[in-house]
Amino acid sequence: VKNLCLLSPDQIELGKMLVEMGQSHLFQQWTDAGVEDDKKKAFFDQVAKLNTSYPGGLASYIKNARELLADSKVGKSPYDGFTPSVPTGEVLSFCDDNFIKYEEAGVKEAQNAAFVLVAGGLGERLGYNGIKVALLAEATTGTCFLQLYIEAILALQEGSCRLTQGTFQKDIPFVIMTSDDTHTRTLEVLESNSYFGMKPTQVKLLKQEKVACLDDNDARLALDPHNKYQIQTKPHGHGDVHSLLYSSGLLKVWLDAGLRWVLFFQDTNGLLFKAIPASLGVSATKQYQVNSLAVQRKAKEAMGGITRLTHSDGRSMVINVEYNQLDPLLRAAGHPDGDADCETGYSPFPGNINQLILELGPYIEELTKTGGAIKEFVNPKYKDASKTSFKSSTRLECMMQDYPKTLPPTARVGFTVMDKWLAYAPVKNNPEDASKVPKGNPYHSATSGEMAIYRANSLILVKAGVQVEGPVQQVFNGQEVEVWPRITWKPKWGLTFSEIKSKVRQSCSVSQRSTMVLKGRNIFLEDLSLDGALIINSIDGAEVKVEGSIQNKGWLLERIHYKDSSSPEELRIRGFKINRLEQLEQTYSETGKFILKPQC
Ligand code: UGB
């Protein structure tokens, strides 16, 4: 290699390491010294980056890959020898006393938490040209997921200070893990929207690097098909978030600032912050080092199950077992029905929604031991049953929810089950695939994600005593969905059920065709009968009481087809646009008490 181009001592070391690790094939097509030297130097720059961005370096990556590929070739499962059982955790029921107690505790605890959004995924399955966090969560107000998350974190920040009679509001740290695919555009969305009201200093973007692809069972690194001087790379998975946080130094800063929790969440779940206060309350009350947010899961549902695994050698862990592995694991453990519902009508294993709450202290201790490395897996697509060659290159992957795999059996690992209608409606599938989902299974589309927000808000108001007319079934982009009244509110209007209940009076009613948008903190609904569209914008200092009967043509959902290129993509993807026929809209930008009582 030294004869092929002028190398620095560091580059010579990297070259030696590659040759020692059986990677001399990477240099086979290289031209003589003095030719294409710039491309050769670019090669070593890439190798240096691959070496520094992986815990233990590239040699460790190749070694791990060989071990995992050998296990995969013989069909060895990471769960061999483990017996599955149902773990312990907290099962919550929305708005009962237990839930309300945990919500209160969670909002108080929020000022001691940092929020981490894993947003490096490109969302191939969604087929959206933009980045997923910039996708509209709902078209009524045009709020995107990133705006929704930031406004919810800011509301938690204010609510936590208020509930603890704090003298000053602690800024809740917000980290976004990005990737080459999403970094620049995530920053653009933040900057062009003034960070949606959050201080720029509060937000940190950590970019995950890709990992080297592997061409065969000997873990030979694959060259980029279009450039013999570049190693082919692919994403390593959301598990990178742990090593990124560890190497960023942020964890120690947070610990010194008195923080106690780190909450990890995904890019497109518009319901999430309805579940976070209670879940954080469970973590703080039960002192869980790991708390997996979960929902009731039907057996065989395409959703991981939170499972206790106990090995004959004494090892035990509570982790997410992907649904396609849970059934064989249960059968091998002597459960003839495998993944089956129990008497509750649901699987005894809570459904993983991949939102985690980790206790900061033990988290730092664990990452100090592991360097942030998460147990990986490899999933090669073999050419044939001999499993000797791959159809295409593969790579090691890791998932953030596999963090507990390295924890000692003494670690306090639990879960919090929330009602699915309140907590979980991710947007992962494009319209075409969603329309083909077997009946009864979730669409996980932009359509279902938006409708789930209206349904959750309607059900919350019903529980608070408001008469909300039930849904009608409608079909958008080939998906039959429940269409509830289009009710949305800013997180600061109501973070907890108690807060929402304190702002509505029993005799309110909302018809199915109605739209209600509450963009303010102190808006109170009293004897309101709404049949049409009502939009209220108010500053925090304005206290607005809305009474009486409001009737107008309202805002209607107008169907559009996802292939109709004349409509914007963020509307096509959900299959409808909002036709704003008529509304009552009031803006209160002065401090004071106001009554909105339209003359009939
Ligand atoms: N993500 C990254 O930030 N970096 C990456 O390299 C990859 C993803 P997907 P996935 O909710 O039902 C997860 O692709 O991984 C981000 C759980 O593993 O949306 O297929 C990405 O931006 C699975 O157990 O989902 O499945 C997004 O925010 C189950 O819980 C997040 O990671 C499943 O979600 C998830 O990436 C689910």
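Structure: see above.
Keep in mind that this is a model prediction, so the values were computed, not measured.

Colleague: Got a minute to help me understand the site of the ligand in this structure?
Modeller: Residues in contact with the ligand amount to 21 residues; listed here are only the nearest, Val118, Gly120, Gln208, Tyr424 and Lys428. At 2.8 Å, a side-chain N or O of Glu322 approaches an oxygen atom of the ligand. Within the side chain of Gln401, an N or O atom sits 2.9 Å from an oxygen atom of the ligand. When the ligand is considered free in solution it has 700 Å² of accessible area, and contact with the protein chains removes 85% of it. Class assignment for the residues of the shell around the ligand results in six nonpolar, ten polar and five charged.

Colleague: What is the right way to read the nonpolar core from this model?
Modeller: Across soluble globular proteins, nonpolar side chains show a tendency to be buried alongside one another. The biggest cluster of nonpolar side chains holds 116 residues, and the ones touching the most others in it are Phe115, Leu146, Phe174, Phe273, Leu461, Leu534 and Val546. In terms of residue count, the dominant contributor to this core is helix H5 (residues 145-163) (ten residues). With 34 residues, the next largest nonpolar core counts Leu245, Leu251, Leu259 and Leu407 among its residues.

Colleague: Help me out: how do you make sense of helix H6 (residues 183-192) in this one?
Modeller: One full turn of an α-helix is made of 3.6 residues, so residues set three or four places apart face in the same direction. Buried within H6 are the following residues: Thr186, Val189 and Leu190. Projected down its long axis, H6 carries its buried residues within an arc of 95°, all on one side. As for H6, its buried residues are in contact with H5, strand S6 (174-178) and strand S7 (203-207). Count one or two residues on from H6 and you reach Ser194, which has phi positive near 45°.

Colleague: Would you mind showing me how to read the sheet that holds strand S24 (residues 509-510) here?
Modeller: The strands making up a sheet are joined through hydrogen bonds of the backbone, oriented either antiparallel or parallel. The parallel open sheet is built from five strands, whose spatial order is S20-S24-S26-S28-S32. In this open sheet, the two edge strands, each paired with only one partner strand, are strand S20 (467-468) and strand S32 (592-596). Relative to S32, strand S28 (residues 542-551) runs parallel, the two being bridged by five bridges. Across the sheet, residue Val546 finds its bridge partner in S32, namely Leu596.

Colleague: Sorry, what's going on with helix H4 (residues 97-109) here?
Modeller: Between its first and last C-alpha, H4 extends 18 Å over 13 residues, near the 18 Å set by a 1.5 Å rise per residue. Looking only at H4, the buried set comprises Phe99, Tyr102, Glu103, Gly106, Val107 and Glu109. Looking straight down H4, one finds that the buried residues subtend no more than 155° of arc, so they occupy a single side.

Colleague: Could you clarify how one ought to interpret the sheet that holds strand S31 (residues 584-588) in this entry?
Modeller: Spatially, the four strands line up as an open sheet ordered S23-S25-S27-S31, and their pairing is parallel. In this open sheet, the two strands that pair with only one neighbour each are strand S23 (486-489) and S31. If you compare each strand with its neighbour and ignore which way they point, the axes differ by 5° on average. Note that strand S25 (residues 515-519) and strand S27 (residues 533-538) share five bridges and pair parallel.

Colleague: Explain the pattern of salt bridges here, please?
Modeller: As a working rule, side chains carrying opposite charge can pair if their charged atoms are close by. Per the stated rule, a full pass over the model turns up 39 salt bridges. Measuring nitrogen to oxygen at the nearest pair gives 2.9 Å for the salt bridge that ties Lys490 to Glu151. Of the two residues, Lys490 is situated in the loop between S23 and helix H15 (497-501) and Glu151 in helix H5; the sequence distance between them amounts to 339 residues. The exposure class of Lys490 is buried, given its relative accessible area of 18%. Since its relative accessible area comes to 16%, Glu151 is described here as buried. The salt bridge involving Lys298 is made with Asp341; its shortest N-O contact spans 3.1 Å. Of this pair, Lys298 sits in the loop between strand S13 (290-295) and strand S14 (305-311) while Asp341 is found in the loop between helix H10 (323-332) and strand S16 (351-359), placing the two residues 43 residues apart along the sequence. Three or more residues are tied together by salt bridges with common partners; here these are Glu158, Arg162, Lys492, Glu499, Arg521 and Asp540.

Colleague: Before we go on, may I ask you to explain the pairing of strand S12 (residues 261-265) in this structure?
Modeller: The two faces of a sheet get side chains in turn, since along a regular strand they alternate between them. For S12, the buried fraction is high: five of the five residues fall into the buried class. Two elements, strand S3 (residues 113-118) and S12, share five bridges in a ladder whose sense is parallel. Residue pairing across strands places Phe115 opposite Leu263, the latter belonging to S12. The sheet contact formed by S12 and S16 spans four bridges and is antiparallel. Across the sheet, Val262 pairs through a bridge with Leu358, a residue of S16.

Colleague: Is there a simple way to think about the pairing of strand S10 (residues 227-231) in this case?
Modeller: Inspection of the sheet shows strand S9 (residues 223-224) paired to S10 by two bridges, in the antiparallel sense. Residue pairing across strands places Leu223 opposite Ile231, the latter belonging to S10. Turn length for the S9-S10 hairpin, with the two strands adjacent in sequence and antiparallel, is two residues.

Parameters at a glance
Residues numbered from 1 in each chain as written. Predicted model: local features only at pLDDT ≥ 70, side-chain atom pairs only at ≥ 80, totals over all residues. Heavy atoms only, no water. Near = heavy atom within 4 Å. Polar contact = N/O pair within 3.5 Å; in protein donor to acceptor, adjacent residues only side chain to side chain. Areas by Shrake-Rupley, 256 points an atom, 1.4 Å probe, with all protein chains shown as cover. Nonpolar A, V, L, I, M, F, W, Y, C, P; charged D, E, K, R; others polar. Core = buried A, V, L, I, M, F, W, Y, C linked by side-chain atoms within 4.5 Å. Buried < 20%, exposed > 50% of the residue type's maximum accessible area, 1.4 Å probe, protein only. Helix = DSSP H or I, 4+ residues; strand = E, 2+ residues; numbered from the N terminus. Arc of directions from axis to C-beta. Contact = heavy atoms within 4.5 Å. Pairing = 2+ DSSP bridges. Expected span 1.5 Å × (residues − 1). Axes fitted to C-alpha atoms, helices over the stretch in contact; angles between N-to-C directions. Salt bridge = Lys/Arg side-chain N within 4 Å of Asp/Glu carboxyl O.

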